[in-house]
Each structure stands twice: as structure tokens, then as C-alpha cells.
Amino acid sequence: MEGKQTKRKKETENTKEDRLSELPDCLLHHIFSFADATDAVRSCTLSKRWRFPNLETLTLEDTQLRGIRKFSVCSLNLKSFDFLNNGNLMRYPNCEFVIVAPKLTKFKFHGYHPLDCSTENLSSLDHIEFNVLSNKELDNIYHTDELKQKFARKVLQMLNALHTAKSITLSNKVIQVLSYFPASLNEHPSQFLNLKYMKAKSIRKSSKKIKIPRLILNYFLKSSPLLEIS
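Within any chain, residue numbers begin from 1 and follow the written order of that chain's sequence. Since the coordinates come from a predicted model, pLDDT governs what is reported: local features require at least 70, and pairs of side-chain atoms require 80 or more to be given and counted, while whole-chain, interface and lining totals use all residues. No hydrogens and no water enter the side-chain calculation; it runs on all heavy atoms of the structure.

A. A look at the sheet that holds strand 6 (residues 116-120). Any two strands with at least two DSSP-identified bridges between them are counted as paired. Secondary structure elements are defined from DSSP: runs of H or I of at least 4 residues count as helices, runs of E of at least 2 residues count as strands, and each element is numbered from the N terminus. An order of 2-4-6 is seen for the three strands of this open sheet, with the pairing classed as parallel. Here the strands that pair on one side only, and so sit at the sheet edges, are strand 2 (70-74) and strand 6. With direction set aside, neighbouring strand axes in the sheet form an average angle of 15°. Bridging between strand 4 (residues 96-100) and strand 6 involves five bridges; their strand directions are parallel. Of the residues in strand 6, the one forming a bridge with Val100 is Glu120. To obtain each axis, a line is fitted to C-alpha atoms, and for helices this fit is confined to the stretch in contact; angles are then taken between N-to-C directions over 0 to 180 degrees.

Structural data, given as C-alpha cells:
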């Protein structure tokens, strides 16, 4: 009797299957779209199959990075990446944000404090869209001109980390922040050598065209003299 139970147990163990790992990429991506970033990252340690090597589109919304020193997005096939904050004020002064995505063509950064960003091999990057805090939010957090200038430097540093982009869309918030602190523009020269097109965009729907100040245009024109404004 005991021998039969042992045999049956072995047969059960041999027939165990990792059914989740057998699911197609599209379905795995859909399942993990309902998980927060922390749980999704932790799941990758369970199976190499869950590390999404074929992921082409990634959207992270209201991601909590508190207590995380380094947040890396590494994907050889990633083409579009949106990092969005829809209203929560979050500050991550000690978090390093790393992007390794040689096929990335589009990156959107919306509503966050600028991060300490480093990139590797973004040679395919065509377009970035960049938006940070509003003036009201900025005033509530950075009370002095010195702190606001530090914020402007952070914006420039993150932008320049994405310097391989060929086109860029800046929100009216970003333009206002940079315009108020021209000293930061002189301290951190533009590294955009391949930039061909620039556009200003209002976060609120408006038919009024946003004018990019001359000092910001000159900042980018120094490194990209053939830049066109649309």
C-alpha cells in the first residue's frame, strides 16, 4: 500500500507543469498590467520566462519608488515607454532611474519630479515628450529661488540623459521652469547633437500656440543648429 502511494506521488510530481510560463507573451503582459510595479518586478525572479524579453510597449502609472535606490528598465526589444504620474506628488531624491533599451524609439515622462536618469545605448530614440510639475506644485515644494534653480538643473540633467533623441516635445511647465532660471542653461550645455524638431505643448487643451522663449531656443540651437520648431 505504501509503495503504491509513493509511486503515485512521484507520478504526480513528474506531471507538474508551469502553466503560467506556457502562456503567450501578449497574455502575460495583460495579466501583469493589473499588478503594481513592485509585484511585477518581484514576479520576474520566479521564472526567466516572466522577464518579458519581447516586451515592446511599457506604461508605468503612479509608480511608487519610495525606498528604492535604483530602478532599472532593461529590455532589448522595448520600443515605447511611458512613465506617467496622474496627480500624486512624489519625490525620489535618492532613486537612480536607468533605461537600457537599444530599440526604444519613444519615451514619455509626465508629471513627476525629475529623476537621476542614466541611459545606455538609446541610439534608436526618435522622440521624447517631457512634462514635470506645475508652477503651483513647484511653489508648494520649493520655497526659495535656490531650491527652484536646483529643480531646474535636475530637469536639464534628465533631459540631457536622453540626448540621442531626434525630436522633443516640451510642456509649457518645463518651458516655464527653464525660462525662470537662465543660469542653469549656461551651467549645463545641451548635449542634443541629433535634435531636428522641437515642439511646445500645453498640458491643458488650448488652441493658443505656445511660444518658446529665445533663450531656450538658443540653448538647443547651439548643439543642433539645424533644429526646426513646429
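B. Local environment of the pairing of strand 1 (residues 57-61). When accessible area is computed with a 1.4 Å probe and restricted to protein chains, residues below 20% of their type maximum are described as buried, those above 50% as exposed, and intermediate ones as partly exposed. Along strand 1, the buried face is formed by Leu58 and Leu60; none of Thr57, Thr59 and Glu61, which line the opposite face, is buried. The sheet contact formed by strand 1 and strand 3 (residues 80-84) spans five bridges and is parallel. Across the sheet, the residue bridging to Thr57 is Ser80, located in strand 3.

C. Here's a closer look at the packing of aromatic side chains. Only the six-membered ring of Trp is used, alongside the rings of Phe and Tyr, when aromatic pairs are assigned; centres must lie within 6.5 Å, and planes under 30 degrees apart are stacked while those over 60 apart are edge-to-face, with the rest tilted. In total, this model carries 12 aromatic pairs according to the counting rule given. With 6.5 Å between their ring centres and 90° between their planes, Tyr180 and Phe181 make a pair best called edge-to-face. What makes Tyr180 exposed here is its relative accessible area of 53%. For Phe181, a relative accessible area of 10% gives the class buried. Taken together, the ring pairs in this structure connect Phe71, Phe81, Phe83, Phe97, Phe107, Phe109 and Phe130 into an aromatic cluster.

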